[in-house]
Amino acid sequence: MKKVIIALSLLLLVWYSGCSKKGVDPLTHHPGNPQPGQEITITYDASETALAGADSITLLAYLYAENAPQVTEIGLTNSGSKWTGTFKTEDSTLVVVAILKSGEKKDDNAEKGYLTTLYGADGNPVKGSLSRQAIIAYTGGNYPLRLSRDPGKAKTLFEKEFELYPEQKQNTALMDPYWSAFYRTQKDSALPAIKAELDRIAQITEKTTEQLVLLVNWYDRIGEGQLSDIWRQELINKEPLGKYAEYLRQREIMREASMEKKENLVAAFAQDFPNSEALEPLHANFIRAYLGAGQGGKALDYLDKNVKKPSSVLLNYLAWNMVEKGIQLEKAAELAAKAVELSRSTFTTEEKPGSFTASEWKENLERQLGNALDTHATALLKLGKKQASLPLFEEAIDVTHQKDIDIWVRYCRTLYETGMIAKAYSETEALVKAQPTRKPVRELFREIYVEKHGSDKGLAEFFAQVDKIDHERKMERLNSEMLNLPAPAFTLTDLAGNPVSLKDFKGKTVILDFWATWCGPCVRSFPAMQQAVNKYQADNTIKFLFINTWERGEDNLKITANVKDFIQSQQYTFHVLRDEENAVVSAYNVSGIPTKFIIDADGKIRFKNVGYNGDDELLEELELMIAMLRN
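First, a word on what this report is: a plain description of the structure on this page. These figures come from a predicted structure and were not determined experimentally. (Residues numbered from 1 in each chain as written. Predicted model: local features only at pLDDT ≥ 70, side-chain atom pairs only at ≥ 80, totals over all residues. Heavy atoms only, no water.)

1. Some thoughts on the sheet that holds strand S1 (residues 27-30)
Note the cut-off: If DSSP finds at least two bridges between two strands, the strands pair. Counting from the N terminus, the helices are DSSP H or I runs at least four residues long and the strands are E runs at least two residues long. For every element, the axis is a line fit to its C-alpha atoms; helices are fit only across the contacting stretch, and the angle between N-to-C directions ranges from 0 to 180 degrees.
The strand order S1-S2-S6-S5 describes an open sheet built from four strands, whose pairing is antiparallel. The sheet is open, and its two borders are formed by S1 and strand S5 (77-79), each paired with just one other strand. Averaged over all neighbouring strand pairs, the angle between strand axes comes to 25 degrees, with direction disregarded.

Next up, the structure:
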C-alpha cells in the first residue's frame, strides 16, 4: 500500500502537434521563431481536442535548458473555443514542451507533447535545441512528463544537431544518448561506428571522467569486456570516491547475500558517501529484509543504529509494515506519529523541484502526509483505540481529497464499528458512488445498509442505478481516449521457442500486455489477467499476448528460463513472448509497465492502458474495451 515525438524540421515555425480531427494544429504561438528570453503567446483551439467544452484550461510549459526542466503554469483566457496565454522563456531555454490540462483531463498531443524550438538571430535552432529534443524523444522526458519514446526520431534529431553544429558531435554529454538511439535502431551499422569512436577516445592522453565512463560502459555494451575492465580501473584510480565508484559500491551491496556483511558494507558506504541519495533506499532494503523475515526488532535496531535522520517516508514504510504484520503496534504508532510530524514540516521546509508545478508538488506532499496519517490511525485501530483513530482518518481523507479508496474504506468501517451509523452510511454511500466496482466497498455498504434499514430491500435497485451511472461515465471516458494508430508489426519467440507475429492474428482483437518479473504492479495484475484469459479462452476472435520485456540480466537463456519458471510456478496459462532486444516495447513507445494495448481486427491500436488499479477495475475496463471494438 505505502506507498510513485517529435517531428521537427529545421524550418519549423509553429508548435509541433498531432493534427486534430479537422487536420489543423490546435496549438499555435507568436512569435513564429521565438528566441531565448522572449515572451511567447500561445493560442489553443480546444474544439476538436480532449479538452473541448472545458470550463478552464491550464498550460504547463516545461522550459528545458541543459539540465532538468523548469515548469511554468499558466491559466489560459477563454475567447469562444480558443484559449490564450503568455509566458516568458529564459536566456538559457533551448526547447519548450507544453501540456494542456483541465481538471483530470489533459491534452499531451498523443503522448508527444507540444514542442517548440528556440531560434537564434541567424534563423537556425539555437545550439543544443535539437539535441535536447532528441533526448526528450529517447527518454520520453522522464517524470513528470512521461511522453512516448521514439529512438528513431531521437537519432534523426541528433544528426540534425550535428549537421548544424559539427562540434556537438564531440560533446561527451551527447554521446551516450546518441549512441543509445543509434544502437537501438540500427545495431549492425552502429557497432563499427561506436567502436571507432571509442578507440579514438581511448587514444586521448588526458581523459575526462565523462570520457572514461563512456569507455567503461560502451566497451562493455558492445562486448569488449577486457577493454572495459582496463578503463574501469583507471576511472576508479582517478576518482576513488566519485560517482562511478559510488555506483560500484551500491552494486556490491545489492549482490551480497549475507545480511551481516551487507550491513558492514552499508556502514562503510555511509562513511564514504554521506550525502548519497542511495543511502535511504539501501536502508529501506535492509528494513524490508528484516520485516520479511519476521524480525521487527532487528528492523528497529537497524533504524536506530544506522539512520541518523530518517525521512517521513522511511518511518512510515517501517510503521506500516509493522501494522500489517501486527507486531510491536505501540512502537508502530509512535513511528507513524513521528512520520506525520515530519510530513507536516515538509510543507514549509522542502523546496519544490523546478520540474513540478505548485499544485503537483502540493499533491505529492499531501499524499505523503495522508499515508502517514492513515498508518497512525490504523495502528491505533489495531490497538483498540477506535475513537482516537477517527480524526486521523478524517484528516487523511481530507488531505488526499478522497483519492485513496483504501483509507476511505477503513474510515467508513471504523465509523460503523463505533456506532456512528448515520455518518457511516452517508460516507459509504458517497464511497460506493465513487468506486462501485470495488467489492470491499459494496460489501461494507451492504452491511451498513442492512443495519440502517433492517433489510436489503431496495439495495439491488440502488446498486443498479449506481452501476448504470458508472458505466456511462466509463464509456464516455473510454470514447474520449479511443485511439486510431497503426500497431507496429513484430515477430518474437515464445517460451516454447516458436516464432509468433502480430500478423498471425489479423482479424482478431489482440490484447498486448508488456510486463517484467521484477515489476510489482505487473505481477499483482496477473490473477485478474488470468481471469480475463479464462473468460475469453473459447472465443477465437480474442487473443492475449504477454510480452516479457525490460528483464534484468545479460544472459537471455537464463532470463528466459527464469520467466518460464515464474509462469509455470504460478500456473498461468499465458502465451508469453520474449522481447529480448527490447525492440517491441520501444516500437510501442512504452514508458512504464504494465502497459496494455488493445488492437482491433484491422491492426489498429484503439486503447492503451497503463498501470494497475485493482482487479475489478482492470477486468471491467478490459471487458468494456473489447465490447466497444466488437460494436
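We are not done yet, so read on.
2. Comments concerning the side chain of Glu621
We apply this condition: When a residue's accessible area, from a 1.4 Å probe over protein chains only, is under 20% of the maximum for its type it is buried; when over 50% it is exposed; and in between it is partly exposed.
Residue position: Glu621 is located in helix H22 (residues 615-630). We classify Glu621 as buried; its relative accessible area is 7%.

3. Here's the deal with the pattern of salt bridges
Threshold: Only one rule defines a salt bridge in this text: a Lys or Arg side-chain nitrogen within 4 Å of an Asp or Glu carboxyl oxygen.
Taken as a whole, this structure holds 37 salt bridges when the rule is applied. The salt bridge partner of Lys187 is Glu581, with a shortest N-O separation of 3.8 Å. Note that Lys187 is positioned in helix H4 (residues 187-202) and Glu581 in the loop between strand S15 (576-578) and helix H21 (583-587), a separation of 394 residues in sequence. Close ionic contact of Glu481 with Arg477 constitutes a salt bridge, the shortest N to O distance being 3.2 Å. Pair noted here: Glu481 and Arg477 are both in helix H18 (residues 459-481), with a separation of four residues, about one helical turn. Residue classification places Glu481 among the partly exposed residues on the basis of a relative accessible area of 38%. Three or more residues joined by partner-sharing salt bridges are found here, namely Asp470, Arg473, Lys474, Glu617 and Glu620.

4. Focus on the nonpolar core
Most often, soluble globular proteins have nonpolar side chains that are buried together. As a reminder, the rule being used: Residues belong to a common nonpolar core when they are buried Ala, Val, Leu, Ile, Met, Phe, Trp, Tyr or Cys residues joined through side-chain atoms within 4.5 Å. The criterion used for residue contact is that any of the two residues' heavy atoms lie within 4.5 Å.
In this structure, Ile287, Leu303, Leu318 and Leu335 are the most contacted members of the largest nonpolar core, which totals 64 residues. Counting residues per element, this core draws most heavily on helix H15 (residues 405-417), which supplies eight residues. Residue contacts for Leu318: discarding those within four places in its chain leaves Ile287, Leu291, Ala299, Leu300, Leu303 and Leu335. Leu495, Ile511, Cys522 and Leu619 belong to the second-largest nonpolar core, a separate cluster that totals 52 residues.

5. Side note on the side chain of Asp404
So the rule is basically this: Whenever a nitrogen or oxygen atom comes within 3.5 Å of another N or O atom, the pair is scored as a polar contact, on the condition that within protein one atom can donate a hydrogen and the other can accept it, and that pairs from neighbouring residues in sequence are kept only if both atoms are in side chains.
Inspection of the secondary structure assignment puts Asp404 in the loop between helix H14 (386-399) and H15. Within the local environment of Asp404, its side chain forms a polar contact with the backbone nitrogen of Ile407, the two atoms lying 3.3 Å apart.

6. Thoughts on helix H17 (residues 439-453)
Put simply, the rule is: Each residue after the first adds 1.5 Å to the expected span of a helix. By arc we mean the arc of the directions from the helix axis to the C-beta atoms, nothing more.
Along its 15 residues, H17 runs 21 Å from first to last C-alpha, staying within 8% of the 21 Å computed at 1.5 Å per residue. Among the residues of H17, Val441, Leu444, Phe445, Ile448 and Tyr449 are the ones counted as buried. The buried residues of H17 all sit within an arc of 135 degrees when viewed along its axis, so they share a single face. As for H17, its buried residues are in contact with H15, helix H16 (421-434) and H18.

Interpretation note: all reported values are geometric properties and have no functional meaning in isolation.
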